[in-house]
Amino acid sequence: DVKVTQSSRYLVKRTGEKVFLECVQDMDHENMFWYRQDPGLGLRLIYFSYDVKMKEKGDIPEGYSVSREKKERFSLILESASTNQTSMYLCASSFRIGADTQYFGPGTRLTVL
Amino acid sequence: EDQVTQSPEALRLQEGESSSLNCSYTVSGLRGLFWYRQDPGKGPEFLFTLYSAGEEKEKERLKATLTKKESFLHITAPKPEDSATYLCAVSGRRGSTLGRLYFGRGTQLTVWP
């Protein structure tokens, strides 16, 4: 079974803090993705990566950065958290380029006060 | 631009009352259409991938079908445990080399006893 894990299920941070969200997959997947999910807006792609040290902007990259130093790990960084970044953050991975099925982690509910 | 529209937004069914969820899409050359189930506060769980018009897939009480313009998720004799949000996503040739998916906003299904 594909296993995608995220470092925290719930996180509470203060405005202006630097926040790290980590995602690990154990199936040697090449592609990894970060989404945020908000009521009424659905899933929106923040960043994705198709190889180690490679990254591509998604639809809403502003205020975020990412890091992929190892194939199995993809980190999302909020450089200076703001209240409008309160959301559910979902990580996903897919096996290889051209194999599109994405497998999701359990999500991190981030609240920024 | 690739787009996915799901209807209805919400559906309430009595246990045993069969129905269908709709996913209509516009995409530049469909590579795959995906159905996911999402329980509250959790990450989406993969259900099906459909690749070509006329294809059907089944899992327990769920059956997914695909035409050139839309997909249906048929739920036969649903039970309360089928209550969840069902998400539809597509992958098109424009984003295909990087395995991007475009998601609809989901149908929230409630099955009451």
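Just above sits the structure.
Residues numbered from 1 in each chain as written. Chains lettered and ligands numbered in written order. Predicted model: local features only at pLDDT ≥ 70, side-chain atom pairs only at ≥ 80, totals over all residues. Heavy atoms only, no water.

Turning our eyes to something else, we now look at the packing of aromatic side chains. Taken as a whole and assessed by the stated rule, the structure comprises ten aromatic pairs over all chains. Plain terms: the ring middles of B:Tyr36 and B:Phe46 are 5.9 Å apart, the flat faces sit at 70° to each other, and that makes the pair edge-to-face. Residue B:Tyr36 is located in strand β4 (residues 30–38), and its partner B:Phe46 is located in strand β5 (residues 45–50); the two are separated by ten residues in the primary sequence. Seen in terms of ring centroids, B:Tyr36 and B:Phe103 are 5.8 Å apart; in terms of plane orientation they differ by 45°. Their pairing is tilted. Here B:Tyr36, found in strand β4, pairs with B:Phe103, found in strand β10 (residues 102–103); they are 67 residues apart in sequence, far enough to count as distant. The pair formed by B:Tyr36 and B:Phe103 is uniform in burial state, with each residue classed as buried. Connected via pairs of aromatic rings, a cluster forms that spans A:Phe33, A:Tyr35, A:Phe48, A:Tyr103, A:Phe104, B:Tyr36, B:Phe46 and B:Phe103. (Phe/Tyr/Trp six-rings, centres within 6.5 Å; stacked < 30°, edge-to-face > 60°. Helix = DSSP H or I, 4+ residues; strand = E, 2+ residues; numbered from the N terminus. Buried < 20%, exposed > 50% of the residue type's maximum accessible area, 1.4 Å probe, protein only.)

Once that is clear, we can look at the pairing of strand β3 (residues 19–25) of chain A. Residues and elements named next belong to chain A. Only one face of β3 is buried, namely the one carrying Val19, Leu21, Cys23 and Gln25, since none of Phe20, Glu22 and Val24 on the opposite face is buried. Direction of pairing for strand β1 (residues 4–6) relative to β3: antiparallel, over a ladder of three bridges. Of the residues in β3, the one forming a bridge with Val4 is Gln25. In the sheet, β3 pairs with strand β8 (residues 73–78) via six bridges, with the strands oriented antiparallel. In the strand pairing of β8, Phe20 is matched with Ile77. (Pairing = 2+ DSSP bridges.)

All names here are of chain A. With seven of eight residues buried, strand β5 (residues 42–49) is to be regarded as a mostly interior element. Both strand β4 (residues 31–38) and β5 contribute to a ladder of seven bridges, which runs antiparallel. Along β5, the bridge assignment pairs Asp38 with Gly42. The hairpin turn running from β4 into β5, its antiparallel successor, is three residues long, and Gly40 in that turn takes a positive phi close to 80°. In terms of strand pairing, β5 meets strand β6 (residues 56–57) through two bridges, oriented antiparallel.

Worth remembering: the numbers are spatial, not functional.
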